[in-house]
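Below are the chains, spelled out letter by letter.
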Amino acid sequence: MSQFISNQKLNDIEFKEGRAVLESRPRSLRAILTNQCNINCIMCESSFEKNKFTFSYESIKQVAKLFPYLEAINWQGGEVFLVDYFKRLLEEASAYRNIRQEIQTNCLLVDDEWAEILAKGNIDLLISIDSTEEKSYERIRKRGNFEKLIKNIISLNSFREKYKSSSCFGLCVCVMRSNYREVERFVEFAKRYNFQRIIFGVLRGAFVPHEDIFTPLDGEAVGYLRDIMPYVEKRCK
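Note that this is a predicted model, so its numbers are computed, not measured.

Let us look at the packing of aromatic side chains. All told, the structure shown has 14 aromatic pairs when counted by the stated rule. The interplanar angle of 85 degrees and the centroid separation of 6.4 Å between the aromatic rings of Phe67 and Trp75 together place this pair among those described as edge-to-face. Comparing Phe67 with Trp75, the two get one shared label, buried. Measuring from centroid to centroid gives 5.4 Å for Tyr137 and Phe146, while their planes differ by 65 degrees, and the two rings are edge-to-face. Members of the aromatic cluster, each reached through a chain of ring pairs, are Phe67, Trp75, Phe81, Phe86, Tyr96 and Trp114. The ring of Tyr57 is capped by Arg88, whose NZ or CZ atom sits 3.8 Å from the centre of that ring. Over the face of the ring belonging to Tyr224 we find Arg181, whose NZ or CZ atom lies 4.5 Å from the ring centre.

Have a look at this one:
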């Protein structure tokens, strides 16, 4: 912890002094381990990427050198649970009490073994879902399985309760033409499955312009969201 505290103090000083070149190490990090995924979402950049990659464990060991200094790390893919060394990497990071770990996932590969590891480690999970209806979910998240998703979420909740986990359980929604009229339903879904947080995001890039309601602005869709979101926010509270 001494390295962590010393780095934190140095970082604060350097920012207050407005230094352009820092001697302190990063305090938070987003690590994209792969762009490979087990499903093929209609709006995801990775689905359109022809050059697939997964960083080798030897490459990622450079990231592990920062563990003593980090407050937070966000693990992302593609789908991180496809990476064969991810369990080892997560265990290495978990040895440092200063790090709050967060994983973004579609949750379809989180079996009972993984659910127990995540609950015991108090690791925050952000689960991308995009629809609360089976048919719509499987149309948006191609090769996804709604029944399996729900089964895995229930398993996670069971282990979270068993180990009194204090981790954050977040539900991620990419708002687009296919689901913008569903935004209200996510509140009840979140309540039913013990999510503490709902994150509404928008499409990035020009991969599926027919799904983008913001560029250019779709007046009807945006008007609907403008009217409904205060009610959604109130229900969330």
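Space inside the largest pocket adds up to approximately 1200 Å³. Forming the boundary of the largest pocket are 41 residues, of which Cys44, Gln76, Gln104, Ser128 and Arg204 lie nearest the centre. Those elements giving two or more residues to the lining of the largest pocket turn out to be β1 (28-32), β2 (40-41), α2 (45-48), β3 (72-76), β4 (100-105), β5 (124-128), β7 (169-175) and β8 (197-202). With 4 residues, the top contributor of residues to the lining of the largest pocket is β8.

The next subject is the pairing of β3. Where burial is concerned, most of β3 is hidden: 4 out of the 5 residues are buried. Across 5 bridges, the pairing between β1 and β3 is parallel. From the neighbouring strand, Ser28 faces β3, where its bridge partner is Ala72. Taken together, the 4 bridges between β3 and β4 define a ladder with parallel strand orientation. When the sheet's bridge partners are listed, Trp75 is paired in β4 with Ile103. In this fold, β3 hands off to helix α4 (residues 86-94), which returns the chain to β4; that crossover is right-handed.

Reading the values: the criteria
- Residues numbered from 1 in each chain as written.
- Predicted model: local features only at pLDDT ≥ 70, side-chain atom pairs only at ≥ 80, totals over all residues.
- Heavy atoms only, no water.
- Phe/Tyr/Trp six-rings, centres within 6.5 Å; stacked < 30°, edge-to-face > 60°.
- Buried < 20%, exposed > 50% of the residue type's maximum accessible area, 1.4 Å probe, protein only.
- Lys NZ or Arg CZ within 6 Å of the ring centre and 35° of its normal.
- 1 Å grid on protein atoms, 1.4 Å probe; cavity = no way out; pocket = protein on both sides within 12 Å on 5 of 7 lines; lining within 4 Å.
- Points joined across faces, edges and corners; volume = space filled by probe spheres on them.
- Helix = DSSP H or I, 4+ residues; strand = E, 2+ residues; numbered from the N terminus.
- Pairing = 2+ DSSP bridges.
- Right-handed = clockwise from strand over helix to strand, strands pointing away.

Note that every value here comes from positions in space, so none of it alone points to a role or purpose.
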